[in-house]
Amino acid sequence: MTQQLKRVMLSSVELFCLVAERKSFSQAAMVAGLTPAAVSRSIARLEQRLNTQLFIRSTRQVRLTDSGEVYFQQCRQALNQIIDAEQLLKNQHQQLSGKIRISVPTPYGHYRILPLLPLFMQRYPEIQIDIQLTNTNIDFINHGFDLAIRGRHLKDSNLIARTLEQAELVVVASPEYLESKIPPNTIQALDQHECIQFILPSTGKNVPWLFKVDDRIIEYATTGKIQCLDDILGTVTLAKQGAGLLQTYRFIVEQELQNGQLVELLSPFAGTARPFSLLYPSQKYASTHIRTFIDFLMAHLKTDAS
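None of the values given here were measured: they were computed from a predicted structure.

A. Quick peek at the sheet that holds strand E7 (residues 197-200). Taken in spatial order, the three strands make up an open sheet running E8-E7-E11, and their pairing is mixed. Looking at the sheet topology across the chains shown, the edges are occupied by strand E8 (205-206) and strand E11 (227-228). Pairing of E7 with E11, which is carried by two bridges, proceeds in the parallel orientation. Directly across from Gln197, in E11, lies its bridge partner Gln227.

B. How the structure looks around the packing of aromatic side chains. Scanning the entire structure with this criterion turns up 13 aromatic pairs. Residues Phe16 and Phe72 carry aromatic rings whose centres are separated by 6.4 Å and whose planes lie at 75° to one another, so their mutual orientation is edge-to-face. Taken together, the positions of Phe16 in helix H2 (residues 10-22) and Phe72 in helix H5 (residues 66-90) put the pair 56 residues apart, joining distant regions of the chain. Residue Phe16 shares its accessibility class with Phe72, and that shared class is buried. Pairing Phe120 with Phe293 gives two aromatic rings, centres 4.8 Å apart and planes at 70°, and the pair type is edge-to-face. Of this pair, Phe120 sits in helix H7 (residues 117-123) while Phe293 sits in helix H12 (residues 288-301), and the two are 173 residues apart along the sequence. For Phe293, a relative accessible area of 0% corresponds to the buried category. A connected cluster of aromatic rings, assembled from ring pairs, spans Phe16, Phe25, Phe55, Tyr71 and Phe72. Lying over the aromatic face of Phe145, Arg101 brings its terminal NZ or CZ to 4.2 Å of the ring centre.

C. Representation of the pairing of strand E10 (residues 216-220) in the model. Across five bridges, the pairing between strand E9 (residues 209-213) and E10 is antiparallel. Following the sheet pairing, Lys212 is matched in E10 by Ile217. In textbook terms, the turn of a hairpin is the stretch between consecutive antiparallel strands, and for E9 and E10 this stretch comprises two residues, one of which, Asp214, has a positive phi near 50°.

D. Molecular detail of the packing of H2 against helix H4 (residues 36-50). Two elements in contact, H2 and H4, have axes separated by 9 Å at closest approach and are oriented at 110°. Accordingly, the angle class assigned to the pair H2 and H4 is roughly perpendicular. Pair H2 / H4 crosses with left-handed handedness. Contacts from Ser12, Leu15, Phe16 and Val19 of H2 reach H4 at Val39, Ser42, Ile43 and Leu46. For the contact of H2 with H4, the class distribution of residues is six nonpolar, two polar and no charged.

What counts, and where the lines are drawn
Residues numbered from 1 in each chain as written. Predicted model: local features only at pLDDT ≥ 70, side-chain atom pairs only at ≥ 80, totals over all residues. Heavy atoms only, no water. Pairing = 2+ DSSP bridges. Helix = DSSP H or I, 4+ residues; strand = E, 2+ residues; numbered from the N terminus. Phe/Tyr/Trp six-rings, centres within 6.5 Å; stacked < 30°, edge-to-face > 60°. Buried < 20%, exposed > 50% of the residue type's maximum accessible area, 1.4 Å probe, protein only. Lys NZ or Arg CZ within 6 Å of the ring centre and 35° of its normal. Axes fitted to C-alpha atoms, helices over the stretch in contact; angles between N-to-C directions. Parallel < 35°, antiparallel > 145°, perpendicular 65-115°, else oblique. Left-handed = near helix turned anticlockwise from the far one by under 90°. Contact = heavy atoms within 4.5 Å. Nonpolar A, V, L, I, M, F, W, Y, C, P; charged D, E, K, R; others polar.

Geometric values such as these leave the question of function open.
Now the structure itself:
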């Protein structure tokens with residue numbers, strides 16, 4: 001076992017994971033208290049030992065190769081197990097406690113996160129959770145949050161982002177609306193319909209609808225007289241009342257589709273999704289109660305489609 005650990009070079013593996021999470025050699029070096037050159041040499045030795053390229057480097061970005069992504073997932077899991085083992089010994093006579101502040105989009109909070117909290121609190125009754133349901137992006141430092149869940153692709157490289165799921169999109173309408181309208185059978189036919197709009201708080205613009213056409217994902221701008229500016233669940237209420245067509249996440253309207261309150265449309269062009277990711281500054285993972293909550297969410301929400 002000792003000889004195997006020497007060959008693995010644990011410190012190099014830790015640096016590799018840090019570069020993968022930060023997507024930057026210089027940022028990883030800053031966190032580790034090393035020079036970028038030292039980090040680069042460590043990764044080069046690791047790649048030489050594995051006989052595999054782990055990163056694709058350019059002047060603008062650093063990203064994992066396919067082999068690097070597989071190696072990263074295994075290494076991160078192994079390092080987490082080592083951290084957990086040490087923490088278990090330190091806290092074996094203590095009840096896990098602390099406060100966690102998390103910001104979650106309204107629909108994901110209602111349909112994914114809130115239903116899980118009673119189970120988590122049953123396991124860890126001394127942990128306090130403050131959850132904010134909002135569709136507005138937050139500033140971790142100024143607003144004092146530990147975690148956030150956000151949809152769509154995010155550009156902040158200072159945060160660790162772990163995909164929870166790719167949430168499938170679906171176009172729906174109420175039977176009452178369709179009584180006086182011909183259901184659309186092409187994407188262009190949406191121009192003849194009232195399409196309920198949701199204004200994305202971060203941009204102030206209408207969210208384009210996504211469709212899959214010949215294995216390509218296309219965006220289509222729809223129009224409608226009603227716009228919801230903050231609460232996406234308001235668009236579902238409007239759709240159920242016959243206000244128009246709506247594209248939304250399938251997990252929000254599953255029950256309405258089953259009981260007939262809503263009808264799925266344009267299924268030949270379905271198959272699109274938007275990601276939901278768990279975000280946090282890297283140092284937050286060092287706190288045992290926060291790491292426990294992160295691992296709990298990943299275990300209960302992460303899907304094979306992520």
